[in-house]
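# Geometric and topological summary
Chain by chain, the residues:
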Amino acid sequence: MKIVIMGSGAIGSLYGGLLCLSGEEVTLLVGRKPNVDAINKRGLRIKGVLGEHTIPFKATQNSEDIEIADLVLITTKAYDAVEAARRMRHLAKKGTYFLVLQNGIGTEKKVAEVLGSRRVLRATTCMGALMTAPGEVTATGVGITELGSHFPENQDMVEEVVAMMRNAGFDVVSSENIEGVVWTKTIVNCGINPIGALTGMTNGEIYNDKRLRDLVIKLVEETAHVADALGIELTTKDPVRYALGTAKATSENINSMLQDIQCCKQTEIDAITGEVIRLAKELGIETPLSESVYALVKALESKVTRFEKHEDKLPPLSVDEVERAITGI
Ligand code: PAF
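Values in this document were obtained by computation on a predicted structure and should not be read as measured data.

### A word on the domain arrangement of the chain
For the chain, the domain assignment lists domain 1 (2-176) and domain 2 (179-327). When each unit is reduced to the centre of its C-alpha atoms, the spacing between domain 1 and domain 2 is 24 Å. Contacts between the two partners involve 20 residues from domain 1 and, on the opposite side, 20 residues from domain 2. Approximately 1,900 Å² of surface area, both sides summed, lies buried where domain 1 meets domain 2, with 54% of it carried by carbon and sulfur atoms. Counting the surface domain 1 buries against domain 2, the share from its top three residues, Tyr-79, Asn-103 and Ile-105, is 38%. Linking domain 1 to domain 2 there are two salt bridges. In this structure, the salt-bridge partner of Glu-179 is Lys-109, at a minimum N-O distance of 3.4 Å. Counting the contacts that link domain 1 with domain 2 gives eleven residue pairs in polar contact (both at pLDDT 80 or more). Secondary structure elements with two or more residues in the side of domain 1 that touches domain 2: α5 (107-115), β8 (120-125) and β9 (128-133). Broken down by class, the residue content of the side of domain 1 that touches domain 2 amounts to six nonpolar, nine polar and five charged.

Dropping the structure here:
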């Protein structure tokens, strides 16, 4: 299959790299300049629990360069998915399929609106990965990929992509209840991710702290209540147990929201907790704890992104100024 990866972050690089290694025709990565330059110069490096690989790889910043593709994996952050879809609109007319692979609720529907097509597939992943340098991704955990489509006419393509990913070494299953899969994953993200982002702790550290574990439980319960009111059929009967089990199983992980905070980047809180709060409001359901962690993460996000843009960085005080501040003269 001719594949394009839209988004050169940790997950996009990992999927692109392994698909390329398994012999898929062309895997072209569209991403940000530092990654694109590093990959074009030295190839894509994969390290960590999946072994060490250097994969000669073509990367670009210009989606217009791409004239043909069977499948585009949209692995950008949730807030960039619609823009990514716009940049790929020229391919939609040529029969390309699009697979949205990211955290959050509802992005695949927004992507389908932009592409004016029903050729949109959706997947969630529990693979753990970190960008450790430009063009270098470290796999930190192996987890399941679940794939399906909100549009039943795409089921044949779903099965084809599942077979292709399995061949590349992924633990992947198809699902006819992709909405349930996405919500189940989102419930885990609503529980773990903000707590990690706010405390700077790994999933395992959160799990081992009784007070934080109780917070995760309450967040999961609030989110599961919203899912239930929407009539979503979750893929687990016990979301709390599932979320805590995920935290334990991925105990070394620095969750993706914490990674964003550490890199002074915008987080996916709007597509995760923010979307749950919005839907809860429509239903007249109260989500006080989700609203609190949402406000805290948004505040932290705005602080770190301002810091990154140097808006908060004041010039250091001179010796005179320090003296004046101390003596009050
Ligand atoms: O967003 C993440 O980091 C992951 O979805 C998960 C499952 C919380 C593991 O860290």
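### Thoughts on the packing of helix α7 (residues 178-199) against helix α10 (residues 239-249)
Packing of α7 against α10 leaves a shortest axis separation of 9 Å and a crossing angle of 65 degrees. On the basis of their axis angle, the class for α7 and α10 is roughly perpendicular. Crossing of α7 against α10: the hand is right-handed. Where α7 approaches α10, its residues Thr-184, Ile-187, Val-188 and Ile-192 are matched on the opposing element by Pro-239, Tyr-242, Ala-243, Thr-246 and Ala-247. Of the residues belonging to the contact of α7 with α10, the class tally is seven nonpolar, two polar and no charged.

### Thoughts on the sheet that holds strand β12 (residues 172-174)
If you trace the eight strands from one edge of the open sheet to the other, you get β5-β2-β1-β6-β7-β8-β11-β12, paired in mixed fashion. If you trace the sheet from one side to the other, it starts and ends with β5 (58-60) and β12, each paired once. Strand-to-strand twist in this sheet, taken as the mean axis angle between neighbours without regard to direction, amounts to 20 degrees. Across the face of the sheet, helix α1 (residues 10-21) comes into contact with β1 (3-6), β2 (27-30), β6 (71-74), β7 (97-101), β8 and β11 (145-148) while running at roughly 165 degrees to β2. Of the strands in this sheet, β1, β6, β7, β8, β11 and β12 are in contact with helix α6 (residues 155-167), which crosses β12 at around 170 degrees.

### Focus on a negative patch on the surface
A cluster of acidic residues, Asp-70, Asp-156, Glu-159, Glu-160 and Glu-176, forms a negative patch on the protein surface. Here Glu-159 lies in helix α6. Relative accessible area serves as the criterion here: at 38%, Glu-159 is assigned to the partly exposed category.

### What to know about the sheet that holds β9
In space, the four strands of this open sheet follow the order β4-β3-β10-β9, with mixed pairing throughout. The open sheet is flanked by β4 (53-55) and β9, the only strands paired with a single partner. Neighbour-to-neighbour, the strand axes of this sheet turn through a mean angle of 25 degrees, independent of strand direction. Two strands pair when backbone bridges link them, and strand β3 (residues 44-48) and β4 are joined in this way by three bridges, in the antiparallel orientation. The residue bridging Ile-46 from the neighbouring strand is His-53, located in β4.

### A look at empty space enclosed by the protein
Counted under the stated rule, the structure contains one cavity of 30 Å³ or more. Estimates place the volume of the largest cavity at around 60 Å³. In terms of lining residues, the largest cavity is bounded by Thr-124, Cys-126, Ile-144, Glu-146, Val-181, Thr-184, Lys-185, Thr-235 and Tyr-242. Partitioned by chemical class, the residues of the lining of the largest cavity number four nonpolar, three polar and two charged.

### Comments concerning the packing of α7 against helix α12 (residues 270-283)
Interaxial distance between α7 and α12 falls to 9 Å at its minimum, and their mutual angle equals 115 degrees. Judged on the interaxial angle alone, α12 and α7 are roughly perpendicular. The handedness of the crossing between α7 and α12 comes out as left-handed. Contacts between α7 and α12 involve Trp-183, Thr-186, Asn-189, Cys-190, Asn-193 and Pro-194 from the first element and Ile-272, Thr-273, Val-276 and Leu-279 from the second. Along the lines of polarity and charge, the residues of the contact of α7 with α12 split into six nonpolar, four polar and no charged.

### Overview of the site of the ligand
With respect to spatial proximity, the complete set of residues near the ligand consists of Asn-103, Lys-185, Asn-189, Asn-193, Asn-203, Thr-246, Asn-253, Asn-255 and Ser-256. The contact in question runs from an oxygen atom of the ligand to an N or O atom on the side chain of Asn-103, over 3.2 Å. Between the ligand and Asn-253, the relevant distance is 3.2 Å, taken from an oxygen atom to a side-chain nitrogen or oxygen of the residue. Among the residues forming the shell around the ligand, the class breakdown is no nonpolar, eight polar and one charged.

### Quick word on the packing of aromatic side chains
Within this structure, the stated rule accounts for one aromatic pair. Taken together, a centroid distance of 4.2 Å and an interplanar angle of 5 degrees make the contact between Tyr-15 and Phe-170 stacked. With Tyr-15 in helix α1 and Phe-170 in the loop between α6 and β12, the pair connects residues that are 155 residues apart, well separated along the chain. For the pair Tyr-15 and Phe-170, a shared accessibility class is recorded, and that class is buried. For the cation-ring pair, Arg-213 lies above Tyr-207, with the distance from its terminal atom to the ring centre recorded as 5.4 Å.

Cut-offs used in this document
- Residues numbered from 1 in each chain as written.
- Predicted model: local features only at pLDDT ≥ 70, side-chain atom pairs only at ≥ 80, totals over all residues.
- Heavy atoms only, no water.
- Domains from an automatic or database assignment.
- Contact = heavy atoms within 4.5 Å.
- Buried area = accessible area lost by both parts, 1.4 Å probe.
- Salt bridge = Lys/Arg side-chain N within 4 Å of Asp/Glu carboxyl O.
- Polar contact = N/O pair within 3.5 Å; in protein donor to acceptor, adjacent residues only side chain to side chain.
- Helix = DSSP H or I, 4+ residues; strand = E, 2+ residues; numbered from the N terminus.
- Nonpolar A, V, L, I, M, F, W, Y, C, P; charged D, E, K, R; others polar.
- Axes fitted to C-alpha atoms, helices over the stretch in contact; angles between N-to-C directions.
- Parallel < 35°, antiparallel > 145°, perpendicular 65-115°, else oblique.
- Left-handed = near helix turned anticlockwise from the far one by under 90°.
- Pairing = 2+ DSSP bridges.
- Patch = residues over 30% accessible without salt bridge, like charges linked within 9 Å, V, L, I, M, F, W, Y side chains within 5 Å.
- Areas by Shrake-Rupley, 256 points an atom, 1.4 Å probe, with all protein chains shown as cover.
- Lys, Arg positive; Asp, Glu negative; His and termini not counted.
- Charge placed at Lys NZ, Arg CZ, Asp CG, Glu CD.
- Buried < 20%, exposed > 50% of the residue type's maximum accessible area, 1.4 Å probe, protein only.
- 1 Å grid on protein atoms, 1.4 Å probe; cavity = no way out; pocket = protein on both sides within 12 Å on 5 of 7 lines; lining within 4 Å.
- Points joined across faces, edges and corners; volume = space filled by probe spheres on them.
- Near = heavy atom within 4 Å.
- Phe/Tyr/Trp six-rings, centres within 6.5 Å; stacked < 30°, edge-to-face > 60°.
- Lys NZ or Arg CZ within 6 Å of the ring centre and 35° of its normal.

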